[in-house]
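Summary of the model geometry
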Amino acid sequence: NSNKCRTLRTPGGKLVLQVLKKKGKTPACGDCGKKLIGLPALRPIEYRRLKNRERRVSRAYGGSRCGKCVRSRIVRAFLIEEQKIVKQVLAEKAAALKDPSDRKRGKKAK
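Below, the structure is looked at part by part.

Glancing now at the overall build of the protein chain. Each helix and strand in the protein chain was counted, giving 3 helices and 2 strands. The secondary structure elements of the protein chain, listed N-terminal to C-terminal, are β-β-α-α-α. For 110 residues, the compact-globule estimate of 2.2 N^0.38 gives 13 Å, and the C-alpha radius of gyration of the protein chain, at 31 Å, exceeds that figure by more than 25%. The principal-axis extents of the C-alpha atoms in the protein chain amount to approximately 110 × 25 × 20 Å.

Next up, the structure:
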């Protein structure tokens, strides 16, 4: 509804119609869809007029993802890295168990 009006009484006593603007939507998180805290609810063209600091929150993914989703992303990345390290350590241990016999054979062959 783009043509909403409101009657206003002027100081002279006249009743005048005032055209109302559309209400803006608060930006939502790209992952979970919840409204982002700390950002104004404006129309898209009004966001372009804002300064960068008013458009986002000072955090990684600020203005795009909510804090909970950012936290879960960081934890997920950390756990994946830890898993890679554990795999590597297990592979090294397995290689260490197999290698001594291979090394002896290798030395004898040379």
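Further remarks concern a positive patch on the surface. A grouping of Lys34, Arg59, Lys68 and Arg71 is seen on the molecular surface, where their side chains present a positively charged patch. With respect to the element layout, Arg71 can be found in helix 3 (residues 67-109).

Moving on, we come to the pairing of strand 2 (residues 15-19). Here strand 2 lies mainly on the outside; 0 of its 5 residues are buried. Of the strand pairs in this sheet, strand 1 (residues 5-9) and strand 2 are connected by 5 bridges, and their pairing is antiparallel. Pairing of Leu8 across the sheet is with Val16, part of strand 2. In textbook terms, the turn of a hairpin is the stretch between consecutive antiparallel strands, and for strand 1 and strand 2 this stretch comprises 5 residues, one of which, Gly13, has a positive phi near 95 degrees.

Let's shift gears to unusual backbone geometry. A positive phi is found at Tyr61, a non-glycine position, where the angle reads about 60 degrees. With respect to the element layout, Tyr61 can be found in the loop between helix 2 (52-55) and helix 3.

Residues Val75, Phe78 and Leu79 make up a contiguous nonpolar surface patch of about 300 Å² in total accessible area. Judged by its relative accessible area of 51%, Phe78 falls in the exposed class.

All right, on to the pattern of salt bridges then. Applying the stated criterion across every chain, the model contains 5 salt bridges. Among the ionic pairs, Glu81 bridges to Lys84, the shortest N-O distance being 3.5 Å. Taken together, the residues Glu81 and Lys84, both in helix 3 and 3 residues apart, mark about one turn of the helix. Of the residues examined, Glu81 reaches a relative accessible area of 42% and is grouped as partly exposed. When salt bridges that share partners are traced, they join Asp31, Arg65 and Arg73 into one network.

One pass over the structure, following the stated rule, counts 0 aromatic pairs. Directly above the aromatic system of Tyr61 lies the positively charged group of Arg73, at a separation of 4.7 Å from the ring centroid.

Counting 5 residues, the largest nonpolar core is built from Cys29, Leu36, Leu39, Cys66 and Cys69. With near-sequence residues (within four places) excluded, Cys66 lies in contact with Cys29, Cys32, Leu36 and Arg59.

Right, let's get into the side chain of Arg65. Along the polypeptide, Arg65 turns up in the loop between helix 2 and helix 3. A polar atom in the side chain of Arg65 sits 3.0 Å from the side chain of Ser64. Beyond its immediate stretch of four places on either side in the chain, Arg65 contacts Cys29, Gly30, Asp31, Leu36, Arg59, Val70 and Arg73.

Criteria and cut-off values
- Residues numbered from 1 in each chain as written.
- Predicted model: local features only at pLDDT ≥ 70, side-chain atom pairs only at ≥ 80, totals over all residues.
- Heavy atoms only, no water.
- Helix = DSSP H or I, 4+ residues; strand = E, 2+ residues; numbered from the N terminus.
- Rg over C-alpha atoms; globule rule 2.2 N^0.38 Å.
- Patch = residues over 30% accessible without salt bridge, like charges linked within 9 Å, V, L, I, M, F, W, Y side chains within 5 Å.
- Areas by Shrake-Rupley, 256 points an atom, 1.4 Å probe, with all protein chains shown as cover.
- Salt bridge = Lys/Arg side-chain N within 4 Å of Asp/Glu carboxyl O.
- Lys, Arg positive; Asp, Glu negative; His and termini not counted.
- Charge placed at Lys NZ, Arg CZ, Asp CG, Glu CD.
- Buried < 20%, exposed > 50% of the residue type's maximum accessible area, 1.4 Å probe, protein only.
- Pairing = 2+ DSSP bridges.
- Phe/Tyr/Trp six-rings, centres within 6.5 Å; stacked < 30°, edge-to-face > 60°.
- Lys NZ or Arg CZ within 6 Å of the ring centre and 35° of its normal.
- Core = buried A, V, L, I, M, F, W, Y, C linked by side-chain atoms within 4.5 Å.
- Contact = heavy atoms within 4.5 Å.
- Polar contact = N/O pair within 3.5 Å; in protein donor to acceptor, adjacent residues only side chain to side chain.

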